Amino acid sequence: MPQPSAYNEQYHKDWAWSLSLKGATDDEMAEAFGISVRTLHRWKKQYPELKEAIDHGKSVADAKVKRSLYERAVGYDAKDVKQVISTDKATGRQVVEKTEVTTKHIAPDTMAIMYWLNNRSKGEFSQRQEITLGGAVKTSPMEKLTEDELRALARMDGEQDGEE
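This write-up is about the structure you can find in this document. (Residues numbered from 1 in each chain as written. Predicted model: local features only at pLDDT ≥ 70, side-chain atom pairs only at ≥ 80, totals over all residues. Heavy atoms only, no water.)

### Observations concerning the overall build of the protein chain
At step 1: Tallying secondary structure elements over the protein chain gives six helices and four strands in all.
At step 2: Counting only residues that meet the buried cut, the protein chain has 23% of its 164 residues in that class.
At step 3: As displayed, the protein chain has an accessible area near 12400 Å², and 51% of this comes from carbon and sulfur atoms. (Helix = DSSP H or I, 4+ residues; strand = E, 2+ residues; numbered from the N terminus. Buried < 20%, exposed > 50% of the residue type's maximum accessible area, 1.4 Å probe, protein only. Areas by Shrake-Rupley, 256 points an atom, 1.4 Å probe, with all protein chains shown as cover.)

Put into structure tokens, the structure is as follows:
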């Protein structure tokens, strides 16, 4: 007779969502649950709500990473908040005396631009090299671009997407 399943819908579903949101693999999730990967795969088939929670967590995490990569590729503005805090001698409470907010522009990152273009341009900017039988080497057109040209490409892409 098979051993009863230790699956608890509320407990494992929420935990699986949280782990997948943090980027956990199936191996890491199974280890956290104290089960084998095989059991986790069986649970995902047997309990659709578990598979849905895992898939949803992974989708949210992937979307956040994609957004961050996009922002690194095109540049973005970041706010830096500094506060001057003092202690009121009469009451002993801490009081914010001054708040200073500055906005810094984070310039586009060349590697993020290259990664984005390599993956989104259907081979036009591929980093792959092909060697033909005749010995000729085909390289990517990206290799010949300067950093300024890559940044200009990123700006053009942002303008086409309505970002600027």
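Let's pick the thread back up.
### So, the pairing of strand β1 (residues 76-87)
At step 1: The pairing of β1 with strand β2 (residues 94-106) spans twelve bridges and is classified as antiparallel. Note on β2: the bridge partner recorded for Ser-86 is Val-95. (Pairing = 2+ DSSP bridges.)

### So, the packing of helix α2 (residues 26-33) against helix α3 (residues 37-46)
At step 1: Running from amino to carboxyl end, α2 crosses α3 at an angle of 95°, the nearest separation of the two axes being 8 Å. Put simply, α2 runs roughly perpendicular to α3. Contact residues: α2 offers Asp-26, Asp-27, Met-29, Ala-30 and Phe-33, while α3 offers Val-37, Leu-40, His-41, Trp-43 and Lys-44. (Axes fitted to C-alpha atoms, helices over the stretch in contact; angles between N-to-C directions. Parallel < 35°, antiparallel > 145°, perpendicular 65-115°, else oblique. Contact = heavy atoms within 4.5 Å.)

### Overview of helix α5 (residues 110-120)
At step 1: For α5, the set of buried residues is Thr-110, Ala-112, Ile-113, Met-114, Trp-116 and Leu-117.
At step 2: The N-cap of α5, judged by a side-chain oxygen 3.2 Å from the amide nitrogen of Met-111 a few residues on, is Asp-109. (Polar contact = N/O pair within 3.5 Å; in protein donor to acceptor, adjacent residues only side chain to side chain.)

### Some details on the nonpolar core
At step 1: Core analysis: the biggest nonpolar cluster contains 13 residues, and Met-29, Phe-33, Leu-40, Trp-43 and Leu-50 have the highest contact counts within it.
At step 2: Residue assignment for this core shows that the elements contributing at least two residues are α1 (9-21), α2, α3 and α4 (48-74).
At step 3: By residue number, the principal contributor to this core is α2, which donates three residues. (Core = buried A, V, L, I, M, F, W, Y, C linked by side-chain atoms within 4.5 Å.)

### Considering the packing of α1 against α2
At step 1: Contact geometry of α1 with α2 gives a least axis separation of 10 Å together with a crossing angle of 140°. Judged by the inter-axis angle, α1 sits oblique to α2. Between α1 and α2 the crossing geometry is right-handed. Residue-level inspection shows His-12, Trp-15, Ala-16, Leu-19 and Ser-20 of α1 in contact with α2, the latter providing Met-29, Ala-32 and Phe-33.
At step 2: When its residues are assigned to classes, the contact of α1 with α2 shows six nonpolar, two polar and no charged. (Left-handed = near helix turned anticlockwise from the far one by under 90°. Nonpolar A, V, L, I, M, F, W, Y, C, P; charged D, E, K, R; others polar.)

All quantities given are derived from atomic positions and should not be read as evidence of function.
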